[in-house]
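Chain and residue survey
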Amino acid sequence: MKRQRITIAGRVQGVGCRPFVYRLAVERSFVGFVRNDSRGVTIEVQGAVAVLAGFVERLKDASADDYPALMVVAECVVEDMVTAEGAVGFDIDRSDAAGSPVSPVTPDCATCPACLREMNERGDFRYRYPFINCTHCGPRYSIIKTIPYDRPHTTMADFAMCQQCRTQYEDVRDRRFHAQPVACPKCGPRVWLTDKQGKTIETDSDKTIARCAEVLQNGGVAAIKGIGGFHLAVDATNEQAVCQLRKRKYRDAKPFAIMAASMEVIQKYAVVDKAGKKLLQSPESPIVLLDKKEPNAMAPSAAFGTNRYGFMLCYTPLHHLLFAEDGIEVLVMTSANLSDEPLICNNEQAVEDLGEIADVFLMHDRDIYRQVDDSVVHTVDGQAAFLRRARGFVPTPIYRDKPSRKEIFAAGPDLKNAFCFVKGDQYLMSEHIGDLADGRVYRHYGKSVEHLRELFAVEPKVVVCDLHPGYLSTHCAEQMKDVELIRVQHHWAHIASVLADANETGPVIGLVADGTGYGTDGTVWGCECLVASLTAFERLGHLASFPLAGGDKAAKEAIRPLVGLLGPEGVEGNADILARIEPDMEKVRLVAMQIEKGLNTVQTSSLGRLFDAVAALVGLGAKNRFEAELPMALEAAIQDGIEDAYPIKLTEKDGVVLEYAPTVSGVIKDVRNGVSAGVIAARFHNTLCEGLLELAKMARQHTKLTTVALSGGVFCNRYLANRMIGRLQDEDFRVLWPQSVPVNDGGVALGQAAIAAAMIEKRTTNELRAVKPQPNRTIEITEVK
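Residues numbered from 1 in each chain as written. Predicted model: local features only at pLDDT ≥ 70, side-chain atom pairs only at ≥ 80, totals over all residues. Heavy atoms only, no water.

**A closer look at the overall build of the protein**
Scanning the protein from N- to C-terminus turns up 22 helices and 33 strands. Relative to its length of 785 residues, the protein is compact, with a C-alpha radius of gyration of 28 Å against a globular reference of 28 Å. Projected onto the principal axes, the alpha-carbon positions of the protein cover approximately 95 × 90 × 45 Å. Evaluated residue by residue, the protein yields a buried proportion of 60% over its 785 residues. Expressed as a percentage of contacts within the protein between residues at least 6 apart in sequence, the contacts between residues at least 24 apart total 70%. Put simply, the protein shows about 31100 Å² of open surface, and 49% of that area lies on carbon and sulfur atoms. The averaged location of the 101 negative side-chain charges in the protein is 1 Å from the averaged location of its 90 positive side-chain charges. (Helix = DSSP H or I, 4+ residues; strand = E, 2+ residues; numbered from the N terminus. Rg over C-alpha atoms; globule rule 2.2 N^0.38 Å. Buried < 20%, exposed > 50% of the residue type's maximum accessible area, 1.4 Å probe, protein only. Contact = heavy atoms within 4.5 Å. Areas by Shrake-Rupley, 256 points an atom, 1.4 Å probe, with all protein chains shown as cover. Lys, Arg positive; Asp, Glu negative; His and termini not counted. Charge placed at Lys NZ, Arg CZ, Asp CG, Glu CD.)

**Re the environment of R453**
When you line up the elements, R453 lands in helix α11 (residues 439–455). Remark: the alpha-carbon pair of R453 and C420, spanning 33 residues in sequence, is separated by 9.9 Å. Excluding residues within four positions of it along the chain, R453 makes contact with F421, V458, E459 and P460. Separated by 2.6 Å, the side chains of R453 and E450 make a polar contact. Within the local environment of R453, its side chain forms a polar contact with the side chain of E459, the two groups lying 2.7 Å apart. (Polar contact = N/O pair within 3.5 Å; in protein donor to acceptor, adjacent residues only side chain to side chain.)

**Observations concerning the packing of aromatic side chains**
A complete count under the given rule lists 17 aromatic pairs for this structure. Seen in terms of ring centroids, W525 and F537 are 6.5 Å apart; in terms of plane orientation they differ by 75 degrees. Their pairing is edge-to-face. Placement of W525 in strand β24 (residues 524–532) and of F537 in strand β25 (residues 537–543) is noted, with a sequence separation of 12 residues between them. With a centroid separation of 5.7 Å and 80 degrees between ring planes, the pair formed by F546 and Y660 is classed as edge-to-face. Note that F546 is positioned in strand β26 (residues 546–549) and Y660 in the loop between β29 (655–658) and α19 (661–672), a separation of 114 residues in sequence. Exposure class is identical for F546 and Y660. Each is buried. Pairwise contacts between aromatic rings join F409, F419, F421, Y442 and Y445 into one cluster. (Phe/Tyr/Trp six-rings, centres within 6.5 Å; stacked < 30°, edge-to-face > 60°.)

**Considerations on the confidence of the model for the protein**
With 97% of its residues at a pLDDT of at least 70, the protein reaches an overall mean of 92. The low-confidence segment residues 772–785 (pLDDT under 50) makes 14 contacts with residues lying over four places distant or belonging to another chain. (pLDDT = per-residue confidence, 0-100.)

**Topic: the packing of helix α17 (residues 607–617) against helix α18 (residues 629–636)**
In a packed pair of helices, the relevant descriptors are the angle between the two axes and the axis-to-axis distance. Between α17 and α18, the least distance of the axes is 8 Å, while the angle of their chain directions is 65 degrees. Judged by the twist between their axes, the crossing of α17 over α18 is left-handed. Contact residues: G608, F611, D612, V614 and A615 in α17; L630, P631 and L634 in α18. Considered class by class, the residues forming the contact of α17 with α18 number six nonpolar, one polar and one charged. (Axes fitted to C-alpha atoms, helices over the stretch in contact; angles between N-to-C directions. Left-handed = near helix turned anticlockwise from the far one by under 90°. Nonpolar A, V, L, I, M, F, W, Y, C, P; charged D, E, K, R; others polar.)

**Comments concerning the environment of Q240**
Counting through the fold element by element, Q240 comes out in helix α6 (residues 239–249). For Q240, a relative accessible area of 67% gives the class exposed. Once the C-alpha coordinates of Q240 and G674 are considered, the two residues, 434 residues apart in sequence, prove to be 35 Å apart.

**Some points on α19**
Residues that lie three or four places apart on an α-helix share one face, since the helix turns once every 3.6 residues. In this model, α19 (12 residues) spans 17 Å end to end at C-alpha, consistent with the 16 Å of a helix rising 1.5 Å per residue. For α19, the complete set of buried residues consists of P662, T663, V664, G666, V667, I668, D670 and V671. If you follow the buried residues of α19, they end up packed against α14 (559–573), α15 (575–581), α17 and α20 (677–703). Positive phi shows up at G674, right after α19, with a value of about 80 degrees. (Expected span 1.5 Å × (residues − 1).)

**Describing the side chain of T154**
Mapped onto the elements, T154 comes out in the loop between α3 (113–119) and α4 (163–170). Within the local environment of T154, its side chain forms a polar contact with the backbone nitrogen of M156, the two atoms lying 3.1 Å apart. In contact with T154, other than residues within four places in its own chain, are I143, I144, K145 and Y149.

**Comments concerning the nonpolar core**
Among the nonpolar cores identified, the biggest contains 149 residues, and L710, F715 and L728 are the most heavily contacted of them. Of the residues forming this core, the biggest block, 13 residues, is contributed by α20. For L710, the residues in contact, after removing those within four places along its chain, are V498, L511, F715, M724, I725, L728, V735, L736, W737, P738 and V743. Judged by nonpolar contacts, the second largest core, of 44 residues, contains F230, V242, F256 and Y309. (Core = buried A, V, L, I, M, F, W, Y, C linked by side-chain atoms within 4.5 Å.)

**Examining the pattern of salt bridges**
Charged atoms that come close allow side chains of opposite charge to pair. For the structure shown, the criterion picks out 45 salt bridges. Residue R175 is joined to E118 by a salt bridge in which the shortest nitrogen-to-oxygen separation is 3.1 Å. Residue R175 is located in the loop between α4 and β6 (191–195), and its partner E118 is located in helix α3; the two are separated by 57 residues in the primary sequence. Its salt-bridge partner being R440, residue D353 comes within 2.7 Å of it at the nearest N-O pair. Linking D353 in helix α10 (residues 347–354) with R440 in helix α11, this pair joins segments that are 87 residues apart in sequence. According to the relative accessible area criterion, D353 is buried, its value standing at 14%. Among the ionic contacts, a cluster of salt bridges with common partners joins E557, R560, E582 and K587. (Salt bridge = Lys/Arg side-chain N within 4 Å of Asp/Glu carboxyl O.)

**Thoughts on the sheet that holds strand β16 (residues 383–388)**
On the basis of which strands lie adjacent, the open sheet formed by 11 strands has the order β7-β6-β14-β8-β9-β13-β10-β12-β11-β15-β16 and mixed pairing. Lying at the two open borders of the sheet, with one neighbouring strand each, are β7 (200–202) and β16. Across the sheet, the mean angle separating the axes of adjacent strands is 40 degrees when strand polarity is ignored. As defined by bridge partners, strand β8 (residues 222–225) adjoins strand β14 (residues 360–364) across three bridges and the pair is classed as parallel. Paired with I224 across the two strands is L362, which belongs to β14. The sheet contacts of helix α5 (residues 205–217) involve β6, β7, β8, β9 (230–235), β13 (330–335) and β14, and relative to β6 the element is tilted by about 40 degrees. (Pairing = 2+ DSSP bridges.)

Encoded structure:
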């Protein structure tokens, strides 16, 4: 007979872990208990020695048929204990909230098949109930206030369970055993419909859903409250309805996300490969970018200027009930906000802010404590690649082998902000926050930082931010009291995020393809070849710098980078082509004069702005109405089967420089010769891959390194990323690509945090080397900083 304490950490709360442990223990006639606590789940078991060994292995065997679908054991610690004489029975104990929280909070998950079956069974007491859930699905992160994850700590605390629900909740054999959001029509949240003034027009659940569907079928706009916030919905096949939504939402061009009820429907509109299907049907249920099938019945305005749709499947019971109504096949389901403001999750705020947009509001009274946007992914090299990490994935930690010696806060960037806390071996990335230049987003950022800090009881002693002195995230970091502040160059953080994601330390060759990042030389970097580890980096090469005039306008008006790339002589020599982009040639000459005099002009190696210029040259547009509109259009224009490229030229200046002039000249020559936009787009992308490959080969020759990490927002371009990975592998490079965070600025905070942790570790190690053993075995500390 033996007694052991088993502590497991990972995704182990709110996923059916305790009933699973209970069943295993009872089957083996163990005595003891299992309980949630701030560290995860603690188990004490007493039984035969041989049986105990198999029990521990069973806890970690995720391949077993009865293993909880959402459970992930990241750590398992076993300690021998004194046998408890006379102990009987095995119990599920009350949760223990003492101690510092380190147990991950489970993300919100899509409705499971078992709940869907019950929702559609007439005899079930949750028949057509819009909030059906169990331990395998439903809201988690969006409703939790503090851990451990128990009902009193969530927004479900106000809903007292009826006897039927409580019976299931307390039955260890039931799928809803200790499912904290469990509810039914008798005791749980409810739905109702209001008009645009917030006046209730229907309270019956079935009639509410039917009337909302009728509004959508008739071309109206509905604001629908989900798990992480409101969506604005219209019939995605109704061009007039989609255009009306764009006009009301002030969203002229950015593609909308689209929801469907089944894979069969999605396959009518898009190409779904094996990887895409797996992502769509996963418990995380993200938006997945898929190649369009043409022709189709989708409204052209749903996603023009791109060759892909962003599709997701229904992921809440309310979605499924809405799509079960006649005439609902595909709906635009876009975040309910104005422009780039935070997602709206409060009923009263929804009516106040969206009353001029939505015709009706499909409300419910389960409060959302954390608003969470939909995640967005696509596939690169056959694997899922994040474009936005949020619902379904946050706040799942990213684990590193070496725990940080201090708790850290990484402020992240200003665009596509997500921040990160480090606690031990856990890197806790926030959900997508947005662009901090918007006042509401910045306030939301501050509140989010405080919420996650409190949720996981993190007390950072080190704060890390971007090198850019004007970033709002940097300003936030600078205001924090009694902390050490570390500033990290933007593109170093990009490469560090890839290293952290791969649980490596470097050094590696880092190829960064990005829009902007404040450089150590005071210029704006954007296309770099680095040699980087988590403690140092060197810039070995880069795209040739060019003058960029106009500040923020330069990221929107393609004529500005184009004039900088051409120079004064190029402007006059190509006035006819430039006039197609900007008919007001006086404005073009003013930009050229601005550059010549150095007024509001910076030197940059931005690859994003080069994309803008080339897209404008081939006639795809003159302005970015949303971020990366022109680069997306250039990628979409690529003609298949084109393998040739423009000439590559590397020169030695300040490091090795990839010259852009041959590429720009080649594009202009093709434009004058009437070469199609598709061929030019393909040649341009191929040229960039070959140029970056030459930089990597130069770095390998210089350093003998053979691993390349890829990062930066331009690598959101799937053609570029896939081709770059393939070409590097052709030349025998090992390629690192981020799996857990976006390749764009949404992953920067992870890199910042990893650099800070590594620098602390290095400094501490150096300090410990100053500890000298003396002959009498005492220790002398010569210096500790």
